[in-house]
Amino acid sequence: MFSNPRRRVLLLLSVAIGALLLLTMKQSTFLSSYPSRSRNGDTEISDPELHTSEPTVDPRFPPQGQPLPAVHPLNKPPENPPLTPLFIGFTRNYAILQQSVLSYIAAGWPPSQIYVIENTGVMDSNSLALLSPGNPFYLPHEHLLNTLGVNVITTPTLLTFAQLQNFYIYEATKRNWGRFFWSHMDSVVVGYEDQVPYQSFYSLIISVLHKIDSANPEDKWAYKFFSYDRLALVNVAAVKQIGGWDTFIPYYFTDCDFYARLQMSGFSLLDEKVGHVYDVGNVLPDLALLFPHPSHAELLDKPESERAESTTGTRWATLRGQLEELEPQQRGGKGEPFYRNPAAFERELQKLIRHGEGVYARKWGLKGGEPEDENVNKICNLAEEGFGLQDMWRKGSVQ
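The shown structure was predicted, so the numbers you read here are calculated from the model rather than taken from an experiment.

Remarks on the overall build of the protein
Right, so step 1: Along the protein, the regular secondary structure elements total 11 helices and 11 strands.
Right, so step 2: Within the protein, counting contacts between residues at least 6 apart in sequence, those at least 24 apart form 75% of the total.
Right, so step 3: Of the accessible surface of the protein, which amounts to about 21000 Å², a share of 54% is contributed by carbon and sulfur atoms.

Some details on the environment of serine 203
Right, so step 1: Here serine 203 lies in helix H6 (residues 201-213).
Right, so step 2: Measuring from C-alpha to C-alpha, the distance between serine 203 and proline 78 comes to 8.6 Å, with 125 residues separating the pair along the chain.
Right, so step 3: Of the polar contacts made by the side chain of serine 203, one reaches the backbone oxygen of serine 200; its length is 2.8 Å.

A closer look at H6
Right, so step 1: An ideal rise of 1.5 Å per residue puts 18 Å on 13 residues; H6 measures up with 19 Å between its terminal C-alpha atoms.
Right, so step 2: Residues of H6 that are buried include every one of Phe201, Tyr202, Leu204, Ile205, Ile206, Val208, Leu209 and Ile212, and no others.

Some remarks on the packing of aromatic side chains
Right, so step 1: Counted according to the given criterion, the structure contains 26 aromatic pairs.
Right, so step 2: Note on tryptophan 245 and tyrosine 259: the rings are 5.8 Å apart at their centroids and 70 degrees apart in plane angle, and the pair reads as edge-to-face. Taken as a pair, tryptophan 245 in the loop between helix H7 (236-241) and helix H8 (254-264) and tyrosine 259 in helix H8 lie far apart in primary sequence, 14 residues in all. We note that tryptophan 245, like tyrosine 259, is buried.
Right, so step 3: The ring of phenylalanine 267 carries lysine 220 above its face, with NZ or CZ at 4.4 Å from the centroid.

A short note on the pairing of strand S9 (residues 231-235)
Right, so step 1: Most of S9 sits inside the fold, with five of its five residues counted as buried.
Right, so step 2: What you see with S9 is no split at all: Leu231, Leu233 and Asn235 on one side and Ala232 and Val234 on the other are buried throughout.
Right, so step 3: Judged from the five bridges that link them, strand S6 (residues 179-183) and S9 form a sheet pairing that is antiparallel. Bridged to serine 183 within S9 is leucine 231.
Right, so step 4: Bridge count for strand S8 (residues 221-226) against S9 is four bridges, and the pairing is antiparallel. Looking across to S9, one finds that phenylalanine 226 is bridged to leucine 231.

What about helix H4 (residues 141-148)?
Right, so step 1: Three or more residues of H4 are buried, namely His141, His143, Leu144 and Leu148.
Right, so step 2: On its buried side, H4 packs onto helix H3 (94-106), strand S4 (114-118) and strand S5 (151-154).

Brief notes about the packing of H3 against H4
For any two helices packed against each other, the geometry comes down to the angle between their axes and how far apart the axes lie.
Right, so step 1: Put simply, H3 and H4 touch, their axes get as near as 13 Å, and they point 15 degrees apart. The angle between H3 and H4 falls in the class roughly parallel. Our pair here, H3 against H4, has a crossing hand that is right-handed. Within the contact between the two elements, H3 uses Tyr94, Gln98, Val101, Leu102 and Ile105 and H4 uses His143, Leu144 and Leu148.
Right, so step 2: Tallied by class, the residues present in the contact of H3 with H4 amount to six nonpolar, two polar and no charged.

Description of the state of the cysteines
Right, so step 1: Overall, the coordinates contain one disulfide when judged by the stated rule.
Right, so step 2: With a sulfur-sulfur separation of 2.0 Å, cysteine 256 is cross-linked through a disulfide to cysteine 380. Residues cysteine 256 and cysteine 380 share a disulfide whose torsion about the S-S bond is about -100 degrees; that sign makes it left-handed. Of this pair, cysteine 256 sits in helix H8 while cysteine 380 is found in the segment after helix H11 (342-364), placing the two residues 124 residues apart along the sequence.
Right, so step 3: The exposure class of cysteine 256 is buried, given its relative accessible area of 7%.

Comments concerning unusual backbone geometry
Right, so step 1: A cis amide bond links phenylalanine 61 to the next residue, proline 62, at an omega of -5 degrees.
Right, so step 2: Along the chain, proline 62 falls in the loop between helix H2 (50-53) and strand S3 (86-90).
Right, so step 3: Note that the residue after valine 196, namely proline 197, is joined by a cis bond; omega there is -5 degrees.
Right, so step 4: By secondary structure assignment, the location of proline 197 is in the loop between strand S7 (187-190) and H6.
Right, so step 5: In this structure, asparagine 93 is a non-glycine residue whose phi angle is positive, near 80 degrees.
Right, so step 6: As for its position among the elements, asparagine 93 is in the loop between S3 and H3.
Right, so step 7: One non-glycine residue, asparagine 176, lies in positive phi territory at about 60 degrees.
Right, so step 8: Mapping asparagine 176 onto the fold places it in the loop between helix H5 (161-174) and S6.

Overview of the environment of glutamine 263
Right, so step 1: If you trace the backbone, glutamine 263 turns up in helix H8.
Right, so step 2: Separated by 118 residues in sequence, glutamine 263 and asparagine 381 place their C-alpha atoms 9.8 Å apart.
Right, so step 3: Here glutamine 263 is in contact with Leu269 and Ala383, once residues within four sequence places are set aside.

Reading the values: rules and limits
- Residues numbered from 1 in each chain as written.
- Predicted model: local features only at pLDDT ≥ 70, side-chain atom pairs only at ≥ 80, totals over all residues.
- Heavy atoms only, no water.
- Helix = DSSP H or I, 4+ residues; strand = E, 2+ residues; numbered from the N terminus.
- Contact = heavy atoms within 4.5 Å.
- Areas by Shrake-Rupley, 256 points an atom, 1.4 Å probe, with all protein chains shown as cover.
- Polar contact = N/O pair within 3.5 Å; in protein donor to acceptor, adjacent residues only side chain to side chain.
- Expected span 1.5 Å × (residues − 1).
- Buried < 20%, exposed > 50% of the residue type's maximum accessible area, 1.4 Å probe, protein only.
- Phe/Tyr/Trp six-rings, centres within 6.5 Å; stacked < 30°, edge-to-face > 60°.
- Lys NZ or Arg CZ within 6 Å of the ring centre and 35° of its normal.
- Pairing = 2+ DSSP bridges.
- Axes fitted to C-alpha atoms, helices over the stretch in contact; angles between N-to-C directions.
- Parallel < 35°, antiparallel > 145°, perpendicular 65-115°, else oblique.
- Left-handed = near helix turned anticlockwise from the far one by under 90°.
- Nonpolar A, V, L, I, M, F, W, Y, C, P; charged D, E, K, R; others polar.
- Disulfide = S-S within 2.5 Å.

Structure below.
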């Protein structure tokens, strides 16, 4: 076609260069949708429109216009229940929080005694409904108050875990509560529906309180654990006596420090069993499964003589089988009040966690307290390891 060999070489070269440029452009467009990594391994945060272009499904349950499923008669609380205030802290992911709240309501906890603590740092943005469902910090106050019937308390700013725990103590003190419950927002509670005679989750909670009230007043208890502190009952006077949580250890290991100081001060930390308390990172495909109902061939509706038989195929068995991890992601909210890049928020949170681990190590003289140390000595049960209050801030007590 081309008689001149030189022209043929130039044409082939130009085609090759054009193809290479096209390939490079496509590759750079593809890679821009993902965070890149810097030389030191930290993620360099990109904020592509990919995260905000697709609308997020409204997570609120039940869907608008539908009633909340009824609490089973055997799970309903007494007409005049004792004081059982339950704090559930919230920062991100309303779908997970809502699932936890619904599980407590279905288990018989009075909604009027459930307090969602909004710890988002977005001030009044949620109470004014300024955030969209795709925003990680979205919290629909109207839905919580009017549909679920629970309470909402907003922190003045974004608190760390340790600060939030002290906020619980402050709120309980302000209300003259001698004790309160708190739960992780990713906990799901389910009663012992296979036991005969059946007792609801909440009725067993009341039994724990009766046991405390009838015990020797000299008994020094500080915490009652229900599956560690996925759900916990707190003695306000005890935790105030030791000075509350150490806010210089903001996240991981702050519980180790706090519970150790309680034990060293002579207070007991006791385990109680009232039902299953799951720690989940998922949302059930059907939240109605949390509510026992006759349409599910419900075990609770069977005679007591049949209630202890195999639960295979029941709503209860289906519910427990579905509590597997399937964590949803919320990456929207760009342009809304107090917007935070989700990936950057998580990255900086991890740095704060590592800083707190170092404070914990220095406080108790553990390996890992210096910047050059890669890992903190993973001692948590300090009292069992022979530590005492006198060991705080004594550098080099353990190597």
